[in-house]
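# Observations on chain architecture
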Amino acid sequence: MSTNWETADVLKTPMEVCWQFDYEIDSQRLRNLYSKAKRQQWDAEQALDWSLEIDPSRPLIDESRFGMAQLPFFKALPQRQQETFRAHMTAYQLSQFLHGEQGALMTAAALTHAVPDYEGKLYAATQTMDEARHVEVYEKYVRKLAIVYPIGRFLKDLIDKTLTADHWVKIAIGMNMVVEGLALASFHNMRRSTTCELLRSIVEGVLRDESRHVAFGSVYVGEAIAQMHADDREDIAEFAFEAVRAMMRGNGGERRGRGALLLADPGFLEVLAKAEIEPEQMFRGFQEAREQGIKVRPPSDQVHSFRDLMMPALVRVGAVTERSRALYAEANIPVWEDRTVLESLEDQETGEIEFD
Ligand SMILES: [Fe+2]
Ligand SMILES: [Fe+2]
């Protein structure tokens, strides 16, 4: 084996590593999650039919669910350019799934090192294996598309901040709540919008695992935050706010708009180049749509990551404090608290994730 250092990216972390010698299981819910994770392990090579070929001329995403297609400038493009853009945009998105999963693999391993409880370590080890499987399935799928886009700048920054945080609770917040909140919503939406049988099966398998990961955040992190000194809790709350703000930026939640932010990402610029669309042309397209009051509206059954998953999860575990509420207000980020969707998607110990 020879390591390719050109494609590697090395980070240093201040994280403490913790042994635990009591071997006691205090949290029954965590023990249940661990047991369930063991029972539900699946082998991606066996469980899925990888022989399925992907027809590059057929869109992988249902066209009616493709947001950009609602913009007048996009509709005016020749059919061929629209198709090329759609195909590459899908590859770009799936590449983000792949890189995000590698980030999750490393954060889960970091949690295994750092959490101070025995059952926490056991659980985190199962999540590490789950994430390895997720990297494997997305890598295999993206390889079929024959193109891998680089990780988006905002996603990379957020995962790096999470990986190099100095406390395991910050890792669990950055990954299990913020990044996985976003991933859970994207996977659900991909499951509904893809026309590819294989991709749908992949996403369904991954979603089953992810529901446990989000549940871990709520079970374990909430207890840890409740036991913290008030100053440490504020430190955690500030980290959570920064992570949410970074994600909102990446998703165009701030005033700059989604278009300007996408156009700042080198990977997205490659997508445009492939479709022979000038960045300036797209920028004007976004501007025109704004001036005409046209908003890209997601289908009504889409899960909204911030509103439905991320913010309610953070509020529930106590990672939003009175002081940090002021930060959210200042940044114009609403603190959504309705847990209905979150609780319907995450693992409830008794049942499997529901696919509607
Ligand atoms: Fe994952
Ligand atoms: Fe995960």
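See the structure printed just above.
Quick summary incoming for the structure in this document. (Residues numbered from 1 in each chain as written. Chains lettered and ligands numbered in written order. Predicted model: local features only at pLDDT ≥ 70, side-chain atom pairs only at ≥ 80, totals over all residues. Heavy atoms only, no water.)

## Re the coordination of the iron ion (ligand 1)
We count it as follows: Water is not part of the atom set, so a site may look incomplete; the donors themselves are N, O and S atoms within 2.8 Å of the metal, or 3.2 Å for Na, K and Ca. Irregular is the default label, applied whenever a site is not tetrahedral (four donors, all angles between 85 and 135 degrees) and neither square planar nor octahedral (four or six donors, opposite donors over 155 degrees apart, all other angles between 65 and 115). By the criteria applied, helices consist of DSSP H or I runs no shorter than four residues and strands consist of E runs no shorter than two, each listed in order from the N terminus. Residue burial is assigned from relative accessible area. The probe radius is 1.4 Å, only protein chains are included, and a residue is buried under 20% of its type maximum, exposed over 50%, and partly exposed in between.
Here the iron ion (ligand 1) is held by the protein donor atoms E101 (OE), E131 (OE), H134 (ND1) and E210 (OE), which lie 2.0 to 2.2 Å from it. Viewed at the metal, the four donor atoms of the iron ion (ligand 1) are separated by angles of 88 to 136°, and the geometry they form is irregular. The two metals, the iron ion (ligand 1) and the iron ion (ligand 2), are separated by 3.1 Å and share E131 as a common coordinating residue. Of this pair, H134 sits in helix α5 (residues 118-145) while E210 is found in helix α8 (residues 197-226), placing the two residues 76 residues apart along the sequence. We note that H134, like E210, is buried.

## As for helix α11 (residues 266-274)
Here is the rule: Arc definition: directions from the helix axis to the C-beta atoms.
Of all the positions in α11, only G267, F268, V271 and L272 are classed as buried. Projected onto a plane normal to the axis of α11, the buried residues spread over an arc of 150° and lie on a single side. Following α11 by one or two positions, E276 adopts a phi angle in the positive range, close to 55°.

## As for the packing of aromatic side chains
Note the threshold: In this analysis, rings of Phe, Tyr and Trp, with Trp reduced to its six-membered ring, are considered paired at centre separations within 6.5 Å, and the interplanar angle assigns stacked below 30 degrees, edge-to-face beyond 60, and tilted for intermediate values.
Within the structure shown, the criterion is met by 14 aromatic pairs. When the centroid spacing of 6.2 Å and the interplanar angle of 90° are considered together, the rings of F85 and F268 count as edge-to-face. Taken together, the residues F85 in helix α4 (residues 79-114) and F268 in helix α11 connect sequence positions 183 residues apart. Summarising the burial analysis for this pair, F85 and F268 share the class buried. Judged by centre distance (4.8 Å) and plane angle (25°), the ring pair of W168 and Y220 falls under stacked. Taken together, the positions of W168 in helix α7 (residues 168-193) and Y220 in helix α8 put the pair 52 residues apart, joining distant regions of the chain.

## What about the packing of α5 against α8?
Going by this rule: Every angle, taken between N-to-C directions, lies between 0 and 180 degrees, and every axis is a line fitted to C-alpha atoms, over only the stretch in contact when it is a helix. Just so you know how the angles are binned, under 35 degrees is roughly parallel, over 145 roughly antiparallel, 65 to 115 roughly perpendicular, and the rest oblique. Note on convention: near helix rotated counterclockwise from far helix by under a right angle means a left-handed crossing. Clockwise means right-handed. We call two residues in contact when some of their heavy atoms are within 4.5 Å. In the scheme used here, Gly and all other residues not listed as nonpolar or charged are polar, with Ala, Val, Leu, Ile, Met, Phe, Trp, Tyr, Cys and Pro taken as nonpolar and Asp, Glu, Lys and Arg as charged.
Two elements in contact, α5 and α8, have axes separated by 10 Å at closest approach and are oriented at 155°. Between α5 and α8, the crossing angle belongs to the class labelled roughly antiparallel. Considering how the two elements wind past one another, α5 and α8 form a crossing that is left-handed. When α5 is examined against α8, the residues G120, Y123, Q127, D130, E131, R133, H134, V137, Y138, Y141 and K144 are found in contact with a partner set consisting of L198, L199, I202, V203, V206, D209, E210, R212, H213, F216 and Y220. In terms of residue class, the contact of α5 with α8 is made up of 11 nonpolar, four polar and seven charged.

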